[in-house]
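Read off the chains here:
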Amino acid sequence: MTTRVTITGSGTPVPSASRAGPGVLVRTDDLAIQVDAGRSTVQRLAQVGLWPTELDAVLVTHHHSDHLTGLADLVLTRWVMDRTDGCPPLVVVAPGGPSSEFVERMLDPWEADLAVRRAHSGRPTRPRLELVAFELPTAPTEVWSARGVRVLAGSVQHQPVHPAVGFRVETPAGIVAITGDTLVCDEVEALAAGADVLVYEAMRFEEIEQLPAHRRFILDYHADTRLIGEQAHRLGIPTLVLTHLIPEPSSPAEVKAFEDDIRAGGYEGEVVVADDLTEITLPTTSDAEPTGHGH
């Protein structure tokens, strides 16, 4: 069995012509899990040949809009494409509180659309979801499993956004840890221990520190590239994937600056500065190369 990790969106709230909103797709041979669903998630999934009807679960890290604006699109498109109403409910795993409450309410503005589509097509059902809401764990804890794959959630430090979690996906081919938005913290260390691939949000603090004072608040709750390098080195992570890139790199030199920061933290493994559709396949080897446009 192989596991493929695809960055469906490497962007941020700032609009980009080439980067969709945050998202990571984890696929084993017969299971597809989407972590977060920022803008244009449906289009990115189409680019890798995965229809919304083929998705098994969506994992939500927190309730910031850039991680969720594509979720209603994903759910509605899945329903529209399911002409026979044979698609099972989409599992949505989210921490209890604002994230799970958003999932419960997100289709409310679309009631008129759902009504006219149901009446016109004669179909009896509406979009079906299976919400799995969980209490914020004090240590990485299993929150969902299917077909030999376990999903664990662990709290992260993204205050004042609370709760916020990262996910650990344990597959027969290896372990993938996905931080969501967070500071570099002990909680990420617990979540990522023993992981084969660590997908980490990344901000170049030295660049943001040059911004006007009213823009620098984002330093409060994102991950500094140099500290990421120190932590990934300490954990012995084989492959480190940087995403949710702040500021967005737009040249080879700016991409290299992200990698240089990671190396300055002491990390010696494989660094992938992700583009949308960058893909890593597990099990990895020491000379494995990512596919897609990652650097």
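Refer to the preceding data block for the structure.
These figures come from a predicted structure and were not determined experimentally.

Rules of the game
- Residues numbered from 1 in each chain as written.
- Predicted model: local features only at pLDDT ≥ 70, side-chain atom pairs only at ≥ 80, totals over all residues.
- Heavy atoms only, no water.
- Core = buried A, V, L, I, M, F, W, Y, C linked by side-chain atoms within 4.5 Å.
- Buried < 20%, exposed > 50% of the residue type's maximum accessible area, 1.4 Å probe, protein only.
- Contact = heavy atoms within 4.5 Å.
- Pairing = 2+ DSSP bridges.
- Helix = DSSP H or I, 4+ residues; strand = E, 2+ residues; numbered from the N terminus.
- Axes fitted to C-alpha atoms, helices over the stretch in contact; angles between N-to-C directions.
- Phe/Tyr/Trp six-rings, centres within 6.5 Å; stacked < 30°, edge-to-face > 60°.
- Lys NZ or Arg CZ within 6 Å of the ring centre and 35° of its normal.

(A) Region of the structure containing the nonpolar core. Among the nonpolar cores identified, the biggest contains 32 residues, and Trp144 and Phe167 are the most heavily contacted of them. In this structure, Trp144 is in contact with Leu31, Ile33, Ala57, Val91, Val93, Val149, Arg150 and Val151, ignoring residues within four places of it in sequence. Counting 25 residues, the second largest nonpolar core, distinct from the first, contains Val188, Tyr200, Ala223 and Phe258.

(B) Molecular detail of the sheet that holds strand β2 (residues 23-27). Spatially, the seven strands line up as an open sheet ordered β6-β5-β4-β3-β2-β1-β14, and their pairing is mixed. Taken across any chain shown, the strands that pair with only one partner, and hence form the sheet edges, are β6 (129-134) and β14 (279-282). Averaged over neighbouring strand pairs, the angle between their axes works out to 20° when direction is ignored. When strand β1 (residues 3-9) meets β2, the two strands line up antiparallel, connected through five bridges. Paired with Ile7 across the two strands is Val24, which belongs to β2.

(C) Summary view of the packing of aromatic side chains. Enumeration according to the criterion identifies one aromatic pair in this entry. With 6.4 Å between their ring centres and 80° between their planes, Phe134 and Phe167 make a pair best called edge-to-face. Taken as a pair, Phe134 in strand β6 and Phe167 in strand β9 (residues 165-171) lie far apart in primary sequence, 33 residues in all. Each of the two residues, Phe134 as well as Phe167, counts as buried. Lying over the aromatic face of Trp79, Arg123 brings its terminal NZ or CZ to 4.2 Å of the ring centre.

It is worth stressing that arrangement in space is one thing and function is another; only the former is reported here.
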